[in-house]
Amino acid sequence: MKWHEVSISTKKANEDAFSLFLNEIAKGISVEHSLDLLKEGVEDFDDKYRLDPDTLPKADIRILVYFDETEDIDARLAEIHSFMASAGLECKEDIHIESTIIDEEDWENEWKKYFHSFRVSDNFVIVPSWEIDDYEFREADRLIKLDPGMAFGTGDHPTTGMCLKFIEHAVRPEHKIIDVGTGSGILTIGAHLMGARDLKATDIDELSLKVARENFELNECAGDVTVETGDLLTSEDDQYDIIIANILAHIIDQMIDDAFETLKFGGVFIASGIITKRRDDIIQHMEAAGFKIAEILEENGWVSIMARKA
């Protein structure tokens, strides 16, 4: 399959606005930060990431957004330009947009230049499949083996890492768990590594589900995961011990009431993908629905919340 890749170079301050908009019109996006931005506030950066500076933007950020070959790319570019004209973006005159066509195989090979093994929590380590044989791990490490494919969620984004930290401390083998908007399946794999065997992974995007299934096979957990197309929790009849959703704040907001009804008493809602300015709104809605906030993590402008049905 071929893909239209649209590259948007812009200021870091515009990341949230572009991310919210582009996730509504595209199959997936990837945000690349300059090396200086990546190093901000990250301890032991060189131990966690082995990046080639030549593959990164020289300054600020580069947003890559993908449309499959059946899309009218001129219409999509017009939508992006219309958004830019109406949105309150910084330094609009400096935003640079390029469009090209790539093969999926070329995209996957490009990832291998800079996507390397790294530790995301006390015991979770994300390891690309091409580095499994060479990775030197500790006895307590739980390895998430990953092929990114064209669905995103490689674990290097703060929202994914914070979710995995919650999973590491909250999941028990007896838990029944649903991962809403599973993407590449990382969070479901993390729950499986913690011993859970009654798992469901859903996504509205068939491409994401295809990549997730492949990663479940790679991590030898496919037999314990039900994979379904699903629109949030609107069609869920089962009750769960844990609901995981690493999506976007406005979508989290839409599913809070359904999450409360779908959880068993004492169950946990792990919600991530929330930008800092939406933090208080989401917490207020959760508490109004009946949740008790158990823990909040924040990193680089992103928030993850673990709430309990009390």
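Residues numbered from 1 in each chain as written. Predicted model: local features only at pLDDT ≥ 70, side-chain atom pairs only at ≥ 80, totals over all residues. Heavy atoms only, no water.

A. The packing of helix 1 (residues 15-25) against helix 4 (residues 73-86), seen in detail. Between helix 1 and helix 4, the least distance of the axes is 11 Å, while the angle of their chain directions is 150 degrees. Relative to helix 4, the element helix 1 lies roughly antiparallel. Helix 4 is crossed by helix 1, and the crossing has right-handed handedness. Packed against helix 1, whose contacting residues are Ala17, Phe18, Phe21, Leu22 and Ile25, the element helix 4 presents Arg76, Glu79, Ile80, Phe83 and Met84 at the interface. A per-class count over the contact of helix 1 with helix 4 returns 8 nonpolar, no polar and 2 charged. (Axes fitted to C-alpha atoms, helices over the stretch in contact; angles between N-to-C directions. Helix = DSSP H or I, 4+ residues; strand = E, 2+ residues; numbered from the N terminus. Parallel < 35°, antiparallel > 145°, perpendicular 65-115°, else oblique. Left-handed = near helix turned anticlockwise from the far one by under 90°. Contact = heavy atoms within 4.5 Å. Nonpolar A, V, L, I, M, F, W, Y, C, P; charged D, E, K, R; others polar.)

B. Structural detail: the packing of helix 9 (residues 249-262) against helix 10 (residues 279-289). Orientation of helix 9 relative to helix 10, taken along the N-to-C sense of each, is 10 degrees, at an axis distance of 9 Å. With respect to helix 10, the axis of helix 9 lies roughly parallel. Each of Ala249, Ile252, Asp253, Ile256, Asp257 and Phe260 in helix 9 lies in contact with helix 10, whose residues at this interface are Ile282, His285, Met286 and Ala289. Taken together, the residues of the contact of helix 9 with helix 10 break down into 7 nonpolar, 1 polar and 2 charged.

C. Quick look at the sheet that holds strand 7 (residues 142-146). Strand order in the open sheet made by the 3 strands is 5-6-7, with mixed pairing throughout. The open sheet terminates on both sides in strands that have one partner only, identified here as strand 5 (118-119) and strand 7. By the bridge criterion, 5 bridges tie strand 6 (residues 124-128) to strand 7 in an arrangement that is parallel. Within strand 7, the position partnered with isoleucine 126 by the bridge is isoleucine 144. Where helix 7 (residues 186-193) meets the sheet, its contacts fall on strand 6 and strand 7, and the angle it forms with strand 7 comes to roughly 150 degrees. (Pairing = 2+ DSSP bridges.)

D. How the structure looks around the sheet that holds strand 14 (residues 302-309). Strand order in the open sheet formed by 7 strands is 10-9-8-11-12-14-13, and the pairing between neighbours is mixed. Whereas interior strands pair on both sides, the edge strands pair on one side only; in this sheet they are strand 10 (225-229) and strand 13 (291-299). Each adjacent strand pair in this sheet contributes to an overall mean axis angle of 15 degrees, direction not counted. As paired elements, strand 8 (residues 176-180) and strand 9 (residues 198-203) share 5 bridges and run parallel to each other. Bridge pairing links lysine 176 to aspartate 198 in strand 9. On top of the sheet, helix 9 reaches strand 8, strand 11 (240-246), strand 12 (263-275), strand 13 and strand 14; it is set at about 180 degrees to strand 12, its chief contact.

E. Spatial organisation of the nonpolar core. Counting 36 residues, the largest nonpolar core has Leu164, Ile167, Val171, Ile177, Phe216, Ile242 and Ile270 as the members making the most contacts within it. Considering each element in turn, this core owes the most residues, 6 residues, to helix 6 (residues 158-170). Those residues in contact with isoleucine 270 that lie beyond four places of it in its chain are Cys163, Phe166, Ile167, Ile242, Ile243, Ile244, Ala245, Ile305 and Met306. One finds Leu232, Ala245, Ile283 and Met286 within the second-largest nonpolar core, a separate group that totals 27 residues. (Core = buried A, V, L, I, M, F, W, Y, C linked by side-chain atoms within 4.5 Å. Buried < 20%, exposed > 50% of the residue type's maximum accessible area, 1.4 Å probe, protein only.)

F. Looking closely at the side chain of serine 272. Looking at the secondary structure, you find serine 272 in strand 12. Within the structure, the side chain of serine 272 is placed 2.5 Å from the side chain of serine 304, a separation counted as a polar contact. (Polar contact = N/O pair within 3.5 Å; in protein donor to acceptor, adjacent residues only side chain to side chain.)

G. Spotlight on helix 7. Within helix 7, 7 of the 8 residues are buried, leaving the element largely enclosed by the surrounding structure. All of the buried residues along helix 7 are Ile186, Leu187, Thr188, Ile189, Gly190, Ala191 and His192. Just downstream of helix 7 lies glycine 195, where phi reads positive at about 110 degrees.

H. Just the pairing of strand 13, in detail. Inspection of the sheet shows strand 13 paired to strand 14 by 8 bridges, in the antiparallel sense. Looking across to strand 14, one finds that glutamate 295 is bridged to methionine 306. Between strand 13 and strand 14, which follow one another and run antiparallel, lie 2 residues, and asparagine 300 among them has a positive phi close to 50 degrees.

Limitation: the analysis is restricted to geometry and does not speak to function.
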